Amino acid sequence: MTNDSSIRLGLCCIFRDQPIRFRNTTVKSISSMERDAALSKLAGLCLANAEALLASLEFCADNGISCFRINSQILPLKTHADCGYDVLDLPDGVEIVRRFKACGEYARDHALRTCFHPDQFVVLNSPRPEVVDRSIAELEYQAEVAEWVGADVVNIHGGGAYGDKPDALARFAQTLKRLSDRARNRLTVENDDTTYTPSDLLPLCQSEGIPLVYDVHHHRCNQDDLSVEEATAAAISTWNRRPMFHLSSPIEGWKGPKPQRHHDFIDVQDFPDCWRGLSLTIEVEAKAKEVAVLRLKKQLTERGFV
DNA sequence: AGCGGTCAAGTTGAT
DNA sequence: ATCAACTTGACCGCT
């Protein structure tokens, strides 16, 4: 069984070939409707997304994919200033929650890990208070769904530098105090490809007890004084549970014009040798989605890496 | 039914 | 100054 092996692979959010699709809508559409009609529409989307999530988890369990990242719009427009809503105010709100909790039971029964990755608009260290407020609201929403489905990771980036990284990271640490326990206990931070390297983030991780999601592709694009081996070891030490790492390959090779962009598939050469034999969850960030995860899994198996 | 323009949000860096 | 990039195409109004 693949779930017994030490390297476990994760799929990010969507499928290329499988007929599993998540629904969404637009502010323009919801705003144009009467409130009751809008809430009915949103409820339908939430119910459909809970079903799509269960289908996603079933595919992962059936194909030896051990982790699934849940997209940020799983409850569409949940935190929008005008269109936002409490789930229990939706028609079928109780049923929506019940279906997400059923996803959590399925994941637990099949040893599947789940996680969230709030997108670039979540910036805990912004100097703009309204940006921080919206970011906290988004984290609290994703943490609520994470609790229903048993996701143990809500992963974000360090945010902006604003010309002074230490100052910006100090603001990040201050903002953590405003999070609920359920958001704070799931929060992780990831090195990015333009601003924060593993070296930048590790002191924050250590002082605040936040695990570092080590993205080796970002690290290769945005280097610091640490080798891949050193960053790997340091990142692992920040985790009180199975570490989660990210892996991707450059779209046109490392000598191409934009190596930070992701390829459809993973070049197995980009899989760090030093990860071999470690107990890790590796989220595969590749545009071919489940097809790429399964291809990498096969290649790693052939090489005896898993 | 099919087509094409549009889509909540932040920040950085390339052009 | 504009815009692409970031985990990803999907939605919706028009014909």
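Below is a summary of the structure that appears in this document.

The rules we used
Residues numbered from 1 in each chain as written. Chains lettered and ligands numbered in written order. Predicted model: local features only at pLDDT ≥ 70, side-chain atom pairs only at ≥ 80, totals over all residues. Heavy atoms only, no water. Helix = DSSP H or I, 4+ residues; strand = E, 2+ residues; numbered from the N terminus. Rg over C-alpha atoms; globule rule 2.2 N^0.38 Å. Buried < 20%, exposed > 50% of the residue type's maximum accessible area, 1.4 Å probe, protein only. Contact = heavy atoms within 4.5 Å. Areas by Shrake-Rupley, 256 points an atom, 1.4 Å probe, with all protein chains shown as cover. Lys, Arg positive; Asp, Glu negative; His and termini not counted. Charge placed at Lys NZ, Arg CZ, Asp CG, Glu CD. Salt bridge = Lys/Arg side-chain N within 4 Å of Asp/Glu carboxyl O. Pairing = 2+ DSSP bridges. Axes fitted to C-alpha atoms, helices over the stretch in contact; angles between N-to-C directions. Phe/Tyr/Trp six-rings, centres within 6.5 Å; stacked < 30°, edge-to-face > 60°. Near = heavy atom within 4 Å. Polar contact = N/O pair within 3.5 Å; in protein donor to acceptor, adjacent residues only side chain to side chain. Nonpolar A, V, L, I, M, F, W, Y, C, P; charged D, E, K, R; others polar. Core = buried A, V, L, I, M, F, W, Y, C linked by side-chain atoms within 4.5 Å. Right-handed = clockwise from strand over helix to strand, strands pointing away.

Things to note about the overall build of chain A
So, step 1. A count of helices and strands for chain A gives 10 helices and eight strands.
So, step 2. By the compact-globule yardstick of 19 Å for 306 residues, chain A fits well, its C-alpha radius of gyration being 19 Å.
So, step 3. Burial statistics for chain A: of 306 residues in total, 54% are counted as buried.
So, step 4. Across chain A, every contact between residues at least 6 apart in sequence was considered, and the portion connecting residues at least 24 apart equals 77%.
So, step 5. As displayed, chain A offers around 13,600 Å² of accessible surface, 48% of which is attributable to carbon and sulfur atoms.
So, step 6. Side-chain charges of chain A comprise 36 positive and 44 negative groups, with the mean position of each set lying 3 Å from the other.

Remarks on the pattern of salt bridges
So, step 1. Going through the model one piece at a time under the given rule, you end up with 15 salt bridges.
So, step 2. Note that R108 is salt-bridged to D109, the shortest N-O span being 3.5 Å.
So, step 3. Overlapping salt bridges, with partners in common, bring together E51, E95, R98 and R99 in one network.

Some points on the sheet that holds strand 3 (residues 113–116)
So, step 1. What the eight strands build is a closed barrel, ordered 1-2-3-4-5-6-7-8; its pairing is parallel. Strand-to-strand, the axes of this sheet are offset by a mean angle of 30 degrees, without reference to chain direction.
So, step 2. As paired elements, strand 7 (residues 244–247) and strand 8 (residues 280–284) share four bridges and run parallel to each other. Paired with H246 across the two strands is E283, which belongs to strand 8.
So, step 3. Sitting on the sheet, helix 2 (residues 35–62) is in contact with strand 1 (7–12), strand 2 (67–70) and strand 3, with an inclination near 155 degrees to strand 2.
So, step 4. Running at roughly 160 degrees to strand 6 (residues 212–215), helix 9 (residues 228–236) makes contact with strand 6, strand 7 and strand 8 of the sheet.

Side note on the packing of aromatic side chains
Both the distance between ring centres and the angle between the ring planes are used here to describe each pair of aromatic rings.
So, step 1. Counted under the stated rule, the structure contains nine aromatic pairs.
So, step 2. Relative to W275, the ring of F245 lies with its centre 5.2 Å away and its plane at 55 degrees, an arrangement referred to as tilted. In this pair, F245 sits in strand 7 while W275 sits in the loop between strand 7 and strand 8, placing the two residues 30 residues apart along the sequence. Taken individually, F245 and W275 each receive the classification buried, so the pair is uniform in this respect.

Some thoughts on the protein's contact with DNA strand B
So, step 1. In the vicinity of DNA strand B there are 20 residues, among which V27, S126, R134, A161 and Y162 approach most closely.
So, step 2. Within 4 Å of the protein, the contacting atoms of DNA strand B are 48% sugar and phosphate, with bases supplying the remainder.
So, step 3. Between DNA strand B and R128 there is a distance of 3.0 Å, counted from a phosphate oxygen to a side-chain nitrogen or oxygen.
So, step 4. Of all the elements in the fold, those that place two or more residues in the surface near DNA strand B are helix 1 (27–31) and helix 4 (129–149).
So, step 5. Of the residues contributing to the surface near DNA strand B, the split by class is seven nonpolar, nine polar and four charged.

Remarks on the environment of D62
So, step 1. Tracing the backbone shows D62 in helix 2.
So, step 2. The spacing of D62 and S126 is 64 residues in sequence and 42 Å in space, taken between C-alpha atoms.

As for the nonpolar core
So, step 1. One finds L75, F100 and V149 to be the most contacted residues of the largest nonpolar core, which totals 91 residues.
So, step 2. Counting residues per element, this core draws most heavily on helix 2, which supplies 12 residues.
So, step 3. Leaving out residues up to four positions away in the same chain, L75 has contacts with C46, Y85, V87, F100, Y141, V145 and W148.
So, step 4. Counting six residues, the second-largest nonpolar core is a separate cluster that includes C115, V153, V213 and M244.

Topic: the pairing of strand 6
So, step 1. Residues L212 and Y214 line one face of strand 6 and the alternating positions V213 and D215 line the opposite face, and both faces are buried.
So, step 2. By the bridge criterion, two bridges tie strand 5 (residues 187–190) to strand 6 in an arrangement that is parallel. Opposite E190, over in strand 6, you have V213 as the bridge partner.
So, step 3. Handedness of the crossover is the feature at issue here: the chain leaves strand 5, passes through helix 7 (residues 198–208), returns alongside strand 6, and the resulting connection is right-handed.
So, step 4. One ladder, built from two bridges, connects strand 6 with strand 7; its direction is parallel. Residue pairing across strands places D215 opposite H246, the latter belonging to strand 7.

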